[in-house]
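Each chain is listed here by its residues.
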Amino acid sequence: DQFLRTKADMENLRRRNQKDVENAHKYGAEKLINELLPIKESLELGMAIENATVESLNEGMQMTLNMFNSACEKLAVEEINPINEKFDPECHQAMTMQPTDEVEPKTVLQVLQKGYRLNERLIRPAMVIVSKAAE
């Protein structure tokens, strides 16, 4: 009798854990969506404005960008913008090398596309132009 009860408890635990995993997969993006919805709504409001000036559109875009940056911060998304830093192949992708004597070799001269980390995990490397010694 004790064996059957333990076996039933183990089966119930297994089913509960399986359901928890399924729910995590199904609803895992809920936090992300809750952070993105106000940004979407802000963009929609901006699109609905008639006779907007360039200044007001620019101000609205800046406010929306600030909302997006705040959401990224809450979600532990870190921007990688390595201008004038040493090239790091772990988080930078060199697109080309440019000879120069203005900075040390293997220094990031220009960022073509910023990179991003999520909770210290690299999501996308920064695409960069790197210096090399002048010939």
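The rules behind the values
- Residues numbered from 1 in each chain as written.
- Predicted model: local features only at pLDDT ≥ 70, side-chain atom pairs only at ≥ 80, totals over all residues.
- Heavy atoms only, no water.
- Helix = DSSP H or I, 4+ residues; strand = E, 2+ residues; numbered from the N terminus.
- Buried < 20%, exposed > 50% of the residue type's maximum accessible area, 1.4 Å probe, protein only.
- Contact = heavy atoms within 4.5 Å.
- Areas by Shrake-Rupley, 256 points an atom, 1.4 Å probe, with all protein chains shown as cover.
- Lys, Arg positive; Asp, Glu negative; His and termini not counted.
- Charge placed at Lys NZ, Arg CZ, Asp CG, Glu CD.
- Expected span 1.5 Å × (residues − 1).
- Bend = angle between axes of the 7 residues up to and from the residue.
- Pairing = 2+ DSSP bridges.
- Axes fitted to C-alpha atoms, helices over the stretch in contact; angles between N-to-C directions.
- Salt bridge = Lys/Arg side-chain N within 4 Å of Asp/Glu carboxyl O.
- Core = buried A, V, L, I, M, F, W, Y, C linked by side-chain atoms within 4.5 Å.

(A) Spotlight on the overall build of the chain. In terms of regular secondary structure, the chain is built from three helices and six strands. Projected onto the principal axes, the alpha-carbon positions of the chain cover approximately 85 × 50 × 20 Å. Classification of the 135 residues of the chain by burial places 15% in the buried group. Looking at the chain alone, contacts between residues at least 24 apart form 62% of all its contacts between residues at least 6 apart. Here the chain displays about 10,900 Å² of accessible surface, and carbon together with sulfur accounts for 54% of that area. Looking at charge distribution, the chain has the averaged site of its 17 positive side-chain charges lying 12 Å from that of its 23 negative ones.

(B) Highlighting helix H2 (residues 30–48). Look at H2: 27 Å from first C-alpha to last across 19 residues, which is about the 27 Å you get at 1.5 Å a residue. Along its length, H2 reaches its greatest deviation from straightness, about 30°, at Leu36, and the proline Pro38 lies no more than four positions downstream.

(C) Geometry of the sheet that holds strand E3 (residues 108–113). Overall, mixed pairing links the three strands, which are arranged E2-E6-E3 in an open sheet. Across the chains shown, the open sheet's two edge strands, defined by having one partner strand only, are strand E2 (92–100) and E3. Recorded for the sheet is a direction-independent mean angle of 25° between the axes of neighbouring strands. The pairing of E2 with strand E6 (residues 126–133) spans eight bridges and is parallel. Paired with Met97 across the bridge in E6 is Val130.

(D) Highlighting the pattern of salt bridges. Scanning the entire structure with this criterion turns up eight salt bridges. Ionic pairing is found between Arg15 and Glu11, a salt bridge with its closest N-O pair at 3.6 Å. Within this pair, Arg15 and its partner Glu11 are both found in helix H1 (residues 2–27), separated by four residues, close to a single helical turn. Residue class for Glu11 comes out partly exposed when judged on its relative accessible area of 29%. Between Lys74 and Glu35 there is a salt bridge whose closest N-O contact spans 3.8 Å. Here Lys74, found in helix H3 (residues 54–74), pairs with Glu35, found in helix H2; they are 39 residues apart in sequence, far enough to count as distant. Judged by relative accessible area, Lys74 falls into the exposed class, the value being 53%.

(E) Structural view of the side chain of Thr107. Among the structural elements, Thr107 can be located in the loop between E2 and E3. Not counting the four nearest positions on each side in its chain, Thr107 is found in contact with Asn84, Glu85, Lys86, Phe87, Ile129, Val130 and Ser131.

(F) The arrangement of the nonpolar core in detail. Ile80, Cys91, Val108, Val111, Ala126, Val128 and Val130 form the largest nonpolar core, which has seven residues in total. At the level of secondary structure, the elements contributing two or more residues to this core comprise E3 and E6. With three residues, the single largest contributor to this core is E6. Those residues within four positions of Val130 in sequence are excluded, and the remaining contacts are Phe87, Ala94, Thr96, Met97, Gln98, Lys106, Thr107 and Leu109.

(G) The pairing of E6, seen in detail. Note: E3 against E6, four bridges, orientation antiparallel. The partner of Val111 across the bridge, within E6, is Val128.

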